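The lines below spell out each chain.
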Amino acid sequence: MNAFFESFRWLYDTTGINLTIFYDAFDRRRFIGGFVTTVQLAASCIVLSVVIGIAGAWLQGSRLRLTRRVVYWYIQFFRNTPPLVQLYFFYFGVGAYLKTAGGVPLVANVTWAILGLSMYAGAFNVEIFRSGIESVPKATVEAAESFGFSRLQAYRYIVLPLAFRVCLPALNNNLVNLVKTTSISYAIAVPEMLYVSAQIWSDSVNVKEMMNVLLICYVGLVGLFVFAMHRWERAMRVPGYGA
Amino acid sequence: MPTLRNLAAAAAIVAIVLPSFPAFAQDALEQIKKRGTLIVGVKADYKPYGFRDPAGKIIGIEPDLAQDVATKLGVKLELVPVVSSNRMQFLEQGKIDLMIATMNDKPDRRKVVYIVEPSYYASSVNVLAPKSAKLREWTELKGKKVCMIQGAWYNKQLQQDYGMEDVAFKGTSEAFTALKGNNCVAFAYDDTLILASLLEPEWKDYEMPLKSVLEDPWGLAVKLGEEKFYKVMSDLIVDWHRTGRIVELEKKYGMGNTSYALQMNAKYKK
């Protein structure tokens with residue numbers, strides 16, 4: 001293994017291509033840490049934002065006017081402001097007030113990033129799920145009701161499974177975007193991939209090498225995710241239903 | 001008729017001869033004395049090293065040093081405000097005779113201007129931390145969150161030496177805000193800037209508690225090839241260190257003393 005890592009020092013000496021993340025143990029640890037953080041961040045945000053989307057779309061159909069209003073304003077707020085501004089707002093704005101008696105912040109920057117990005121993508125997900133729900137024929141819902149399903153049961157067993165299949169392509173789009181957007185948590189010092197890369201290239205002035213590494217890593221990550229989602233999409237296909 | 005090749009040859013000759021021209025011209029010292037003024041490039045936006053008083057006059061530690069030079073040469077002083085991106089060019093083009101402008105001494109800069117030794121000043125790395133944290137040793141920072149600036153050259157070194165967890169931001173204002181919000185236990189930065197910040201009332205509950213490390217010298221510079229002027233400046237810098245002039249100026253502008261100023265004073269006093 002060491003010979004493999006050392007070969008990159010040789011690469012640097014002979015060609016000037018400086019990949020410190022292979023031959024410098026400190027940079028290697030940092031970069032792997034950054035990669036893992038990005039994956040964790042992306043995974044947590046995907047799960048949380050889908051949960052928000054499903055719950056939000058259900059609440060949107062609520063009989064209570066107040067609930068519908070709250071969901072409406074949530075969507076407006078998060079969809080109409082840039083995610084970077086939201087992160088700054090949470091971390092520096094809200095975070096300044098959420099403290100223990102000793103003045104220690106209650107919420108760490110990673111948590112703010114997960115919350116902020118999930119709320120942001122979640123707002124889009126609510127609308128995406130709504131589009132799916134609205135595509136389920138009214139007759140189907142009425143049929144469920146006549147079988148004695150409650151509103152929640154009908155949503156859970158009839159509407160959502162059908163809606164999910166219809167909105168999966170749009171959902172994929174949004175989630176791919178979410179994976180890429182995790183890189184902005186760089187601004188609030190979350191040690192994800194872009195953050196550690198910037199630290200590394202300012203130490204070793206290997207900007208173009210690290211830019212390429214970053215690009216490859218993101219293409220790989222997103223590619224893997226898209227592949228998995230497509231497989232899932234195909235597996236869930238109901239013959240004769242939807243496009 | 002001049003062909004392209006002839007033109008190129010002529011251009012090459014001009015390019016070779018031109019830079020050596022100043023060698024035949026008067027040296028800077030003679031020029032300054034003839035003119036009766038010494039023109040020095042200083043910062044005008046970097047408190048307390050060079051900034052403007054309410055009347056718009058440039059004052060600060062470096063303008064005071066420039067005045068010392070003018071006094072020694074027996075001429076009047078003219079200050080020209082410079083910024084980091086043009087200070088070396090001003091000196092090269094002869095717009096200023098001398099540059100004292102908070103410039104770090106770096107090998108690639110030595111190729112462009114003549115940086116005078118010994119260094120008149122140096123910044124080191126220290127931390128700004130709340131007094132209540134009672135920090136005394138760098139080793140206490142192991143595993144703790146420390147705010148930094150993205151891209152600062154000492155980030156990696158500090159992490160390797162002391163094992164702190166970095167929380168690095170784009171600019172100083174974010175780092176300062178994060179420190180105030182206790183998102184980090186300390187903010188690692190140049191001691192010169194920490195000392196300057198501590199002049200502000202908003203930082204009265206904070207201190208610079210550690211021993212400064214990773215010294216980074218600043219260089220004042222004359223034009224390349226100005227041997228006589230270089231010698232004068234070199235002697236004067238030794239004089240500043242011997243008499244404690246820099247320590248005194250730091251006090252005059254209300255900031256704490258940098259470890260470099262004290263150290264050099266102790267070294268040359270003997």
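Provided above is the structure to which this section pertains.
Residues numbered from 1 in each chain as written. Chains lettered and ligands numbered in written order. Predicted model: local features only at pLDDT ≥ 70, side-chain atom pairs only at ≥ 80, totals over all residues.

Draft legend 1. The sheet that holds strand β1 (residues 37-43) of chain B, seen in detail. Residues and elements named next belong to chain B. The sheet built from five strands is open, its strands ordered β5-β1-β6-β14-β7 with mixed pairing. The two strands at the open ends of the sheet, each matched to only one other strand, are β5 (76-82) and β7 (114-115). Two elements, β1 and β5, share seven bridges in a ladder whose sense is parallel. Residue lysine 43 lies in a different strand from β5, and its bridge partner there is valine 82. (Pairing = 2+ DSSP bridges. Helix = DSSP H or I, 4+ residues; strand = E, 2+ residues; numbered from the N terminus.)

Draft legend 2. Representation of the nonpolar core in the model. Of all hydrophobic cores here, the largest spans 82 residues; its most connected members are B:Leu128, B:Val146, B:Cys147, B:Ala186 and B:Phe187. Considering each element in turn, this core owes the most residues, 12 residues, to helix α6 (residues 109-134) of chain A. Residues B:Leu79, B:Leu91, B:Leu98 and B:Ile246 belong to the second largest nonpolar core, which totals 41 residues. (Core = buried A, V, L, I, M, F, W, Y, C linked by C-beta atoms within 7 Å. Buried ≥ 20, exposed ≤ 12 C-beta atoms within 10 Å, placed from the backbone.)

Draft legend 3. A look at helix α9 (residues 193-204) of chain A. Residue and element names in this part refer to chain A. Between its terminal C-alpha atoms α9 stretches 16 Å, which fits the 16 Å expected from 12 residues at 1.5 Å a residue. With nine of 12 residues buried, α9 lies mostly within the body of the structure. Taken together, the buried positions of α9 are occupied by Met193, Leu194, Tyr195, Val196, Ser197, Gln199, Ile200, Trp201 and Asp203. Count one or two residues on from α9 and you reach valine 205, which has phi positive near 50 degrees. (Expected span 1.5 Å × (residues − 1).)

Draft legend 4. Expanded view of the sheet that holds strand β2 (residues 45-46) of chain B. Residues and elements named next belong to chain B. With antiparallel pairing, the three strands of this open sheet are ordered in space as β2-β3-β4. Each edge of the open sheet is held by one strand with a lone partner, namely β2 and β4 (58-59). The pairing of strand β3 (residues 50-52) with β4 spans two bridges and is antiparallel. Residue pairing in the sheet places arginine 52 in a bridge with isoleucine 58 of β4.

Draft legend 5. Here's a closer look at the interface of chain A and chain B. Counting from both sides, the interface comprises 14 residues of chain A and, opposite them, 13 residues of chain B. At four residues, α9(A) tops the list of elements feeding residues into the side of chain A that touches chain B. The class makeup of the residues in the side of chain A that touches chain B is eight nonpolar, five polar and one charged. (Contact = placed C-beta atoms within 7 Å. Nonpolar A, V, L, I, M, F, W, Y, C, P; charged D, E, K, R; others polar.)

Draft legend 6. Geometry of unusual backbone geometry. Cis geometry marks the peptide bond from B:Lys47 to B:Pro48; its omega dihedral reads 0 degrees. Position of B:Pro48 among the secondary structure elements: in the loop between β2 and β3. Following B:Glu117, the chain continues into B:Pro118 via a peptide bond in cis, with omega recorded as -5 degrees. Looking at the element boundaries, B:Pro118 is found in the loop between β7 and β8 (121-130). The phi torsion at A:Ala189 lies on the positive side, around 60 degrees, for a residue other than glycine. Relative to the elements of secondary structure, A:Ala189 occurs in the loop between α8 (151-181) and α9. On the basis of neighbour counts, which here come to 26 C-beta atoms within 10 Å, the residue A:Ala189 falls in the buried class.

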